[in-house]
Amino acid sequence: MNLDDARKRIDSAITQYGQHAAPAIDLIMAEVRSDLGTGAFNELIEEFDLELMYNITPMESHHSSS
C-alpha cells in the first residue's frame, strides 16, 4: 500500500461508516504501519484528525534523544 491509497481508503471508510468507522480505519492503519512505517501512520492520524474523531493515537518513534 502507498500513502495515496491509504488516504483514499480512510476517506472512503469515513464516508461509508461515519462516526462508526474506527474498526475499518484500524485495519487500514495496521496495514499502513506495516507497509510504510510509523511516520506515515502518524501523518495520516494528524491529517484526518483520527485521534480526536476515532481515538486512534499516534505511535511514538523509536528515535533516541540522547
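See above for the structure.
Residues numbered from 1 in each chain as written. Predicted model: local features only at pLDDT ≥ 70, side-chain atom pairs only at ≥ 80, totals over all residues. Heavy atoms only, no water.

Details of helix H2 (residues 22-36)
Right, so step 1: Given a rise of 1.5 Å per residue, 15 residues ought to cover 21 Å, and the 20 Å separating the end C-alpha atoms of H2 matches this to within 8%.
Right, so step 2: All of the buried residues in H2 are Ala 22, Ile 25, Ile 28, Met 29 and Val 32. The arc that holds the buried residues of H2, viewed along the axis, is 120 degrees, so those residues lie on one side. Exposed side chains of H2 directed beyond 90 degrees from the buried face belong to Pro 23, Leu 27 and Ser 34.
Right, so step 3: On its buried side, H2 packs onto helix H1 (3-17), helix H3 (38-48) and helix H4 (50-54).
Right, so step 4: In the stretch just after H2, Gly 37 is the one whose phi turns positive, near 95 degrees. (Helix = DSSP H or I, 4+ residues; strand = E, 2+ residues; numbered from the N terminus. Expected span 1.5 Å × (residues − 1). Buried < 20%, exposed > 50% of the residue type's maximum accessible area, 1.4 Å probe, protein only. Arc of directions from axis to C-beta. Contact = heavy atoms within 4.5 Å.)

Some details on the environment of Asp 5
Right, so step 1: Relative to the helices and strands, Asp 5 resides in helix H1.
Right, so step 2: Residue Asp 5 is classed as partly exposed on the basis of its relative accessible area, which comes to 34%.
Right, so step 3: Separated by 27 residues in sequence, Asp 5 and Val 32 have C-alpha atoms that sit 9.7 Å apart.

In short, geometric facts, not functional conclusions.
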